[in-house]
Amino acid sequence: MWELVQETVNYIKNKTNFTPEYGVILGSGLGSFTDDIQITFTLPYSEIPNFPVSTVEGHKGALVFGTIGDKNVVAMQGRFHYYEGYSMQEVTFPVRVMKYIGVTKLIVSNASGGVNPNYKVGSIAIIKDHINMMPEHPLRGKNDSRFGPRFVNMSEPYSLAMIAKVKAIAQAEGIEVHDGVYLGLQGPTFETLHEYKMVKVVGADCVGMSTVPEVIVARHMELETFGISVITDIGSEEHLESITHEEVLKAAKAAEPKVRLLIKELIRQY
Ligand code: HPA
């Protein structure tokens, strides 16, 4: 894994001498964040050695390099999901690469199903913690201590300082935000009514099929991490609709301007 990561990093460094400080992973329906970036360089995943290629509709596959204010950023337009058939090592490979091209802070966005009764479709939840219920762990196997320690401290997976900054930005901009615990399941099925009930019972506020592996690997390498979720559907007895991927994308798109603003200002101000 170390050699593969370094090979990919060397390839990218030969293509561009741009050193990003922030890495951003864009979730379903949130890809237009790249419009906020003064783009200097775009690299399609298909051209990057050792990179998987994304298969889900609504996810483009490219690394986008550029600036926001005076900060250097690399954004992943399109991410890799476990349900697509990738191993957890493949799902998290780009996070490893980001670290070694210079990234120290990772921002992750996603769409999720809400079980917190205060959430509505379109609510924005700042992820304050997660519960990992995915069936495979990205750090399973022999640990390579060049990346990080065998046993990773997860007492603050989501940076409290970054959360405080985004809450202040949201207040200043008049954007309503919640905070919440995100539970990661493998998908690709949306949850049954009783799976949503389980999500609630175990103490989560929302549920989705991404983010957890990337954040674990980011913390393995001590990247400071921030996560934000758009609630695209509600999983409760009163509200359980027959959710489709199209509806998820539509709801995420509707909240996108607000999420974009929060992420953009976090990068500028933090
Ligand atoms: N469940 C899982 N993943 C999701 C959901 C959901 O309800 N909505 C968007 N992504």
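Per chain, residue numbering runs from 1 following the sequence as it is written. Local features in this predicted model are restricted to residues of pLDDT 70 or higher, and side-chain atom pairs are both shown and tallied only at a pLDDT of 80 or more, whereas totals for entire chains, interfaces and linings draw on every residue. Water and hydrogen atoms play no part in the side-chain values, which are based on all heavy atoms of the structure.

- Taking an unreviewed UniProt entry as the reference, the protein is identified by name as Purine nucleoside phosphorylase belonging to Flavobacterium sedimenticola.
- Its UniProt record gives the protein a comment under Function (unreviewed entry), which states: "The purine nucleoside phosphorylases catalyze the phosphorolytic breakdown of the N-glycosidic bond in the beta-(deoxy)ribonucleoside molecules, with the formation of the corresponding free purine bases and pentose-1-phosphate."
- UniProt positions are given in the numbering used here, feature names are shortened, and annotations may be inferred rather than shown by experiment. According to the UniProt record, the Subunit (unreviewed entry) comment for the protein reads "Homotrimer."

1. Some details on the overall build of the protein
- Secondary structure assignment for the protein yields 6 helices and 9 strands.
- Here the radius of gyration uses the C-alpha set of atoms, whereas the globule reference equals 2.2 Å times the residue count to the power 0.38. The globule rule puts the C-alpha radius of gyration for 270 residues at 18 Å, and the 17 Å found for the protein is close to it.
- Considering only C-alpha atoms, the protein reaches an extent of 55 × 40 × 35 Å along its principal axes.
- Burial here depends on accessible area, computed with a 1.4 Å probe over protein chains only, as a share of the maximum for the residue type. Under 20% is buried, over 50% is exposed, and the range in between is partly exposed. Across the 270 residues that make up the protein, the buried fraction comes to 56%. Strands here mean DSSP runs of E at least two residues long; helices mean DSSP runs of H or I at least four residues long; both are numbered from the N terminus.

2. Some points on the packing of helix 2 (residues 88-100) against helix 5 (residues 212-220)
- As a packed pair, helix 2 and helix 5 sit with axes 9 Å apart at the nearest point and diverge in direction by 50 degrees. Taken together, the axes of helix 2 and helix 5 are oblique relative to one another. Between helix 2 and helix 5 the crossing geometry is right-handed. Residue-level contacts link M88, V91, T92, V95 and R96 of helix 2 to P213, E214, V217, A218 and H220 of helix 5.
- Following the grouping adopted for this structure description, the nonpolar residues are Ala, Val, Leu, Ile, Met, Phe, Trp, Tyr, Cys and Pro, the charged ones are Asp, Glu, Lys and Arg, and the polar ones are all others, Gly among them. Partitioned by chemical class, the residues of the contact of helix 2 with helix 5 number 6 nonpolar, 2 polar and 2 charged. Throughout, an axis means a line fitted to C-alpha atoms (over the contacting stretch in the case of helices), and angles, computed between N-to-C directions, take values from 0 to 180 degrees. Under this scheme an angle from 65 to 115 degrees is roughly perpendicular, one under 35 degrees roughly parallel, and one over 145 degrees roughly antiparallel; angles in between are oblique. What makes a crossing left-handed is the near helix being turned counterclockwise from the far one by less than a right angle; a clockwise turn instead makes it right-handed. By definition, residues are in contact when any of their heavy atoms lie within 4.5 Å.

3. Brief notes about the site of the ligand
- When at least one non-hydrogen atom of a residue lies within 4 Å of a molecule or strand, that residue is treated as near it. Residues in contact with the ligand, as listed here, are A111, S112, G113, F190, E191, Y196, V207, G208, M209, T232, D233 and V248.
- Taking T232, its side chain carries an N or O atom lying 3.3 Å from a nitrogen atom of the ligand.
- Each accessible area is a Shrake-Rupley estimate made with a 1.4 Å probe; only the visible protein chains count as cover when residues are assessed. Coverage of the ligand by the protein amounts to 95% of the 260 Å² it exposes when considered alone.
- Mapped by element, the contributors of at least two residues to the shell around the ligand are strand 5 (105-114), strand 8 (206-208) and strand 9 (224-234). As used in this structure description, the phrase polar contact means that two N or O atoms lie within 3.5 Å; if the pair is within protein, one of them must be able to donate a hydrogen and the other to accept it, and residues adjacent in sequence are counted only when both atoms belong to side chains.

4. Remarks on the pattern of salt bridges
- Salt bridges are identified by distance alone: a Lys or Arg side-chain nitrogen within 4 Å of an Asp or Glu carboxyl oxygen. Per the counting criterion, the structure on display carries 7 salt bridges.
- Residue K167 pairs with D179 through a salt bridge whose shortest N-O separation is 2.6 Å. Separated by 12 residues along the polypeptide, K167 in helix 3 (residues 160-173) and D179 in strand 7 (residues 178-184) bring together distant segments of the chain.
- The shortest N-O distance in the salt bridge between R268 and E265 comes to 3.6 Å. Highlighted residues: R268 and E265, both in helix 6 (residues 245-269), separated by 3 residues, approximately one helical turn.
- What makes R268 partly exposed here is its relative accessible area of 44%.
- Judged by its relative accessible area of 13%, E265 falls in the buried class.
- Linked by salt bridges that have partners in common, K128, K167 and D179 make up one network.

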